Amino acid sequence: MTDESWAGWYRDRHGSEAVILTTDGRQLRVRVRGTDFEGESFDGLGPVAGPPPEAGLFDLADGVLGDCVLEWDLPLPVLVAGTVRQATLSCLLSLRRADPDLYLALHLDGAVYESNRAEGDFASALATIRRILPPDMHLQICAACALSGYLPAPARRISGGLGCFRDAKDAYRDAAEDTDLAALWERRTGLVQEIWSCREFDPRPTADSDPRQLGAFLPEPA
């Protein structure tokens, strides 16, 4: 996979600065005030191996970035009447210690499709946007792919943890029960970010299609 990079801003009580967020589809990376952070979720960005950050530069919560705001835009492929278009997804993430929240806004041709103002994670925020998209418009990302799903868990992080099953397509599509899908978990290709997209994207069927193909444990538009 080729890394993607997104320009954005980092803010906390110590100040703000422009940053570049980078991902390979699974790991996220960002450099702030000369320190490199990485993790599999936006609420799990910890300093990479090496000298610890200078005292007082960051408010780390359990070793990861906290009490800060990340804001960035990224190009997002969208299928519109069968044609791939490039939209822009604006992301505003507040990593508050007690209650992180996320806001997403999809921009295309002058229209804006927004999530709620304080979503708990990318899966929920993207599902909110998908509910309000026109019928012929579909996000071409992992969260909307028929080959992705989550393992049942009491709670999820803000992003990541989404299983990709592109190397077990037939078995995944045939799994009709949660127990079958859980048994397939070890056959996943890997874990991906919800906003990632690859060339093997397969649009998730709508709710009136074969329910076995809707994807395991993934929020679906009502």
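Scroll up for the structure.
A brief report on the enclosed structure follows.

Quick notes on the rules
Residues numbered from 1 in each chain as written. Predicted model: local features only at pLDDT ≥ 70, side-chain atom pairs only at ≥ 80, totals over all residues. Heavy atoms only, no water. Pairing = 2+ DSSP bridges. Helix = DSSP H or I, 4+ residues; strand = E, 2+ residues; numbered from the N terminus. Contact = heavy atoms within 4.5 Å. Polar contact = N/O pair within 3.5 Å; in protein donor to acceptor, adjacent residues only side chain to side chain. Salt bridge = Lys/Arg side-chain N within 4 Å of Asp/Glu carboxyl O. Buried < 20%, exposed > 50% of the residue type's maximum accessible area, 1.4 Å probe, protein only.

### Some details on the sheet that holds strand 13 (residues 148–149)
Now for step 1: Strand order in the open sheet formed by three strands is 13-14-15, with antiparallel pairing between adjacent strands. With one partner strand each, in any of the chains shown, strand 13 and strand 15 (190–192) form the two edges of the open sheet.
Now for step 2: Bridge count for strand 14 (residues 162–164) against strand 15 is three bridges, and the pairing is antiparallel. Looking across to strand 15, one finds that leucine 162 is bridged to valine 192.

### Here's the deal with unusual backbone geometry
Now for step 1: The phi dihedral of alanine 81 falls on the positive side, at around 55°, and the residue is not glycine.
Now for step 2: Along the chain, the position of alanine 81 falls in the loop between strand 8 (68–80) and strand 9 (83–95).

### Examining the environment of aspartate 73
Now for step 1: Looking at the element boundaries, aspartate 73 is found in strand 8.
Now for step 2: Expressed as a C-alpha distance, the spacing of aspartate 73 and leucine 104, which sit 31 residues apart in the sequence, is 9.6 Å.
Now for step 3: With residues up to four places along the chain from it excluded, the contact list for aspartate 73 reads Trp6, Ala7, Thr88, Leu89, Ser90 and Cys91.
Now for step 4: At 2.8 Å, the side chain of aspartate 73 forms a polar contact with the side chain of serine 90.

### Concerning the pattern of salt bridges
Now for step 1: Summed over the entire model, instances satisfying the criterion amount to 14 salt bridges.
Now for step 2: In this structure, arginine 85 and aspartate 109 form a salt bridge, with 2.7 Å as the shortest nitrogen-oxygen distance. With arginine 85 in strand 9 and aspartate 109 in the loop between strand 10 (101–108) and strand 11 (111–114), this residue pair connects regions lying 24 residues apart in the sequence.
Now for step 3: Classification of arginine 85 by relative accessible area gives partly exposed; the value is 29%.
Now for step 4: Between glutamate 114 and arginine 117 there is a salt bridge whose closest N-O contact spans 3.4 Å.
Now for step 5: Judged by its relative accessible area of 57%, arginine 117 is exposed.
Now for step 6: One network of salt bridges, in which partners are shared, links Asp12, Glu17 and Arg33.

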